[in-house]
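Below are the chains, spelled out letter by letter.
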Amino acid sequence: MNEIIESVKNLSIGFNSQKGKQISILRNVSTNIKKGETVGIVGESGSGKSTLALAMMGYIKQGLFPLKGECLFKSEDLLKMSSRELEKIRGRKIAMIPQNAGQALTPNLKIGYQIDEALKLHTDLNKTERDKKISELLNKVRLPSPETMAFRYPHELSGGQQQRVAVAMALAGKPDLLLLDEPTTGLDVTTQAHVLELLRFIAKDTGTSMIYVSHDLGAIAQVSDRIVVMYAGEIVLEGPARKILKEPIHPYTYGLLKSIPKLSLAGLPTSMPGSQPQPGSINEGCSFYDRCNLANDNCKKNSPDLEHIKELDTNVRCFNYKELINQNNNLQTSITKKSNNTEVNEVLKLKDVSISYAKQKFFDQLLNKISDQNPTVKDINIDIKKGETIALVGESGSGKSTILKSIAGLLKTKDGQIKFDNDRILSSDLKMRNPNDLRAIQLIFQNPDESLNPNHTVEQILSQPLKLYFNLSGEKLKKNIIDLLKKVRLGEFYMSRYPRQLSGGEKQRVAVARAFAAKPDIILCDEVTSALDVSVQAAVLNLLQQLKEDLGTTYVFVSHDLAVVRAISDRVAVLYQGRLCEIGPSQNVYKFPSHPYTEVLLGAVLEPDPDIKPKLVAEDIVEEKPPEKGCSFQGRCPRKIGDICNSEVPPWQIGENGNAIRCHINIEELASLQK
Amino acid sequence: MLLLILKRIGLGLITLFIVSLITFVGVEVLPGDACTTYLEREAYGAALDACIKRLGLDVPAYERYFDWASNVARGDFGYSLSGEMPINEVLGPRVKNSLVLASVSILIGIPLAIVLGIITALWRDKLPDIMISTITIFSMTIPEFISATLLILIVAIWLGWLPGIVIIPSDATFYQLLSNIILPVVAISMIMTAHMARMVRSSVIQVMASDYVQMAILKGVPYWKMVFRHVLPNALLPAINVVALTIAWLLGGVVVTEVVFNYPGLGRLVIESISNRDLPVVQALAIILASIYVGINLIADLMTLMLNPRLKSLQIRK
């Protein structure tokens, strides 16, 4: 167990800036990987975690080069090897499981060929043995019908299946060390839990060492024996997984853990101020100085070394870590939300809304109707009260964003009505809505990189809605923009900046400010935090909550992340295949009894706690189309009771907590089943 | 799949039908008709009547169109005015000559372009790339009538290695042609090759930066194997359509080059028949050039469909 497989020594990797300065992305990193051990490398985007992981395979991305240090694999330096020598090690001794298997599998080659290629390179098996091995491997990663799977092309598989193929390919060469670069990011919650479970099984079964790189402490917590926390290209904390997650003694890790929304915890997570410094911007002192609440003058001038604390078996890079040793009990706290959901009048009603993506046939186009018997979204009834935050939650394909687009008027409804403001019917066609209705409903998108015009300054971006809806100009316009920036905690000097000069969190703040510029009644939030780092996500969530409390706005919040939804919403609607499964006050939806699908989702959530294991109760394969009749969840339901589920749409049942569940099983029976 | 091919062919035929209509209507609405343009100052009285009767211009336009169109569909373009001989006989050798010129250019140009594109992409920003890229960008910017003239000046006049203009009859044999077409081929393929090489280069560079190529490297696939199995099939696929467009665009280049070199091909016939106001021949040429254009694009589309597994399975599922 103590045999060291790979050891990184004082590794620095960097690039030459345009001004000819050497800028390092990775600074003086040293760590050891032992045999049979799984090491989690965690950090936010730009922390250098992927660069480190790739360097451990002797791979340096184009434009970067090693400045000093070495990567020793079985006491040979990978960074000094020729490409010929590296080919012998990659795939055979160290194998990689990439982040996005959909893009990492060559599109024109069949699955079987791609696995066979690895086998041919790294084993001495003959053709028939290899064929046998391929189906063995596909079987091992639990892919359905491994015999025919080999003849498929990557695009014919679902995201989870592609990831499994990548795992099979990595195992083909029987490597001593597996490198996993965000292997579950981008997958659905249930798929993610299944893939992680598979990886854990493989680690145990083959005794392979693993390096697991992720930004997601929840996933890291499930697989790692040891955790390395990276910040701004340095290791700031390293130690046994349980210790790091339960008693983090570095202020960054502590703050990071506190900024993750947790299922078990109502209320908003605490955010960290600021964001990670850009490479090359740190001249002296601790790289975490700006954001640290333990910082003093010493931290500003001197940068701390990685210090080994023997009794905790931990390395930490902080002068003041002792202050954190005994105060970790308050990791489980959160900010309570003030609910201003006192008004009972409904501001928006969705009545029997159905939406279809089916292409209109010629005659239907003439008659301007949509004849789709099995539409993507069907029978949605939701009444949204003024001042509440209602969340639509579900996996990809659940129709949550589709509903949002229809409310915004970007997508025509097939049937049903959207009523706004005293039961006035809103046209489903954007062009037919009056300007005041357009102003009243605003949208914030997932990715601020794409929703902000890169050629406009922040001032131009924010002045557009102000000019359009309120005809402001001159001094008044400027004053309003400054006010808006102040509301989203950005200074006046941001006015002249372009989106590319802002960090991800700042960009999303500008997008929030733009939505609020219209003084809207309802803001539709489409996965607004999923492109952001955890610590930034917490800050944006807090900002949204604050603005709502101050201005009384109503949010319709779409997300796949149940913990985020738990943190921000007052009410939750759970969707599967475009049909409502459950709706109710959020504290009750997260309690049992709940709809079997909610149960599956809640079970799959990964918490940053090694003691809370996900419960896998259903298969992770989603049907391509919603079933024509019966319950939408019939195909995957772990509690299916029989034919009635396939033939009849389940009735709504209202539990004593006030959450409505659409299931054939009696609600009391569900409660006793789910105990 | 078969249905799709038939659908594409059908669309191509519709395009051709529209082209034939436009050319016919275009000729029709021009002031004067075939007889007045042909007879010029003698276009009056009995001579004109006789001509109109002979060419059948006295029947209504739509009838003439259907007559003409159905003949064309059978491969008969009617009679040329100037030579008073069947257009098919005029066209035949010219088509052959141009085809030889174009196909030799393509056969040399495309493989050369692909090789150059790959070399420049794999040695990106290194010496081979810088040298080849400079030359390709340079030759892309010179129009072929200038490069053709320069070629004549340097190779034919100063060095005297090759004949400057082509002096062969239009019914020359294949071997006669080959020895005469070196300079025209160079002039035509220069721009085309340069365009395609740039295109292949950027396509290969893009694929080299993809996740799956990084994955192949990290899987331990040797460099050249990776290039041939993982990079090229994916990089050349989008190039097929560009190649088709380039070939179609080459038709225009052929016209200019043929005139400069006095080469007896379709291009020169276009210029000749326009200046002779030989309207039936112009009509016939328009149809032929349009068919080549449609045909090449059709082949390119079908090839992409066959070679791209993603599109193929999409079609089958439908």
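Scroll up to find the structure this text is about.
First, a word on scope: everything that follows refers to the structure included in this document. Owing to the predicted nature of the structure, the values given are computational and were not obtained by experimental measurement.

Bringing the overall build of chain A into the picture now. Check the secondary structure of chain A and you find 26 helices and 24 strands. Over its C-alpha atoms chain A spans a radius of gyration of 26 Å, differing by no more than 12% from the 26 Å that the globule rule assigns to 675 residues. If you line up chain A on its principal axes, its C-alpha atoms span 75 × 65 × 50 Å. Within chain A, the fraction of its 675 residues that count as buried is 57%. Excluding contacts between residues fewer than 6 apart, the proportion of contacts in chain A whose partners are at least 24 apart in sequence is 69%. The distance from the centre of the 87 positive side-chain charges to the centre of the 80 negative ones in chain A is 3 Å.

This part takes up a nonpolar patch on the surface. All names here are of chain B. A surface patch of nonpolar side chains, about 1000 Å² in accessible area, is lined by Phe 145, Ile 146, Leu 150, Leu 153, Ile 154, Ile 157, Trp 158, Leu 159, Trp 161 and Val 256. With seven residues, helix α7 (residues 144–158) is the single largest residue contributor to the nonpolar patch. With respect to the secondary-structure elements, Ile 154 resides in helix α7.

This part covers helix α20 (residues 504–517) of chain A. Since the α-helix advances by 3.6 residues per turn, residues separated by three or four positions end up pointing in the same direction. Residues and elements named next belong to chain A. For α20, spanning 14 residues, the distance from its first C-alpha to its last is 20 Å, which sits close to the expected 20 Å at 1.5 Å a residue. α20 sits mainly inside the fold: twelve of its 14 residues count as buried. All of the buried residues along α20 are Gly 505, Glu 506, Lys 507, Gln 508, Arg 509, Val 510, Ala 511, Val 512, Ala 513, Ala 515, Phe 516 and Ala 517.

In this assembly, 28 residues from chain A lie in contact with 20 residues from chain B. Taken together, both faces of the contact between chain A and chain B bury some 2400 Å²; the carbon and sulfur share is 57%. On the chain A side of the interface with chain B, the three residues burying the most area are Glu 87, Glu 117 and His 155 of chain A, jointly 21% of the side's total. Counting across the interface, chain A meets chain B through one salt bridge. Note that Glu 117 of chain A and Lys 219 of chain B form a salt bridge whose closest N and O atoms lie 2.9 Å from each other. At six residues, helix α4 (residues 111–122) of chain A tops the list of elements feeding residues into the side of chain A that touches chain B.

Once that is clear, we can look at the sheet that holds strand β22 (residues 579–585) of chain A. Residues and elements named next belong to chain A. In spatial order, the strands read β18-β19-β20-β15-β21-β22-β24-β23; together these eight strands make up an open sheet with mixed pairing. Strand pairing shows two members of the sheet lacking a second neighbour, β18 (441–444) and β23 (652–654), which therefore form its edges. Neighbouring strand axes in the sheet, compared pairwise and without regard to direction, differ in orientation by 20 degrees on average. In this sheet, strand β21 (residues 571–576) lies alongside strand β15 (residues 389–393) in parallel orientation, the contact comprising four bridges. Each bridged residue has a counterpart across the sheet, and for Leu 392 the counterpart in β21 is Ala 573. Strands in contact with α20 are β18, β19 (522–526) and β20 (554–559); relative to β18, the strand with the most contacts, it is inclined by about 175 degrees. Strands in contact with helix α24 (residues 596–604) are β21 and β22; relative to β21, the strand with the most contacts, it is inclined by about 100 degrees.

What counts and how
- Residues numbered from 1 in each chain as written.
- Chains lettered and ligands numbered in written order.
- Predicted model: local features only at pLDDT ≥ 70, side-chain atom pairs only at ≥ 80, totals over all residues.
- Heavy atoms only, no water.
- Helix = DSSP H or I, 4+ residues; strand = E, 2+ residues; numbered from the N terminus.
- Rg over C-alpha atoms; globule rule 2.2 N^0.38 Å.
- Buried < 20%, exposed > 50% of the residue type's maximum accessible area, 1.4 Å probe, protein only.
- Contact = heavy atoms within 4.5 Å.
- Lys, Arg positive; Asp, Glu negative; His and termini not counted.
- Charge placed at Lys NZ, Arg CZ, Asp CG, Glu CD.
- Patch = residues over 30% accessible without salt bridge, like charges linked within 9 Å, V, L, I, M, F, W, Y side chains within 5 Å.
- Areas by Shrake-Rupley, 256 points an atom, 1.4 Å probe, with all protein chains shown as cover.
- Salt bridge = Lys/Arg side-chain N within 4 Å of Asp/Glu carboxyl O.
- Expected span 1.5 Å × (residues − 1).
- Buried area = accessible area lost by both parts, 1.4 Å probe.
- Pairing = 2+ DSSP bridges.
- Axes fitted to C-alpha atoms, helices over the stretch in contact; angles between N-to-C directions.

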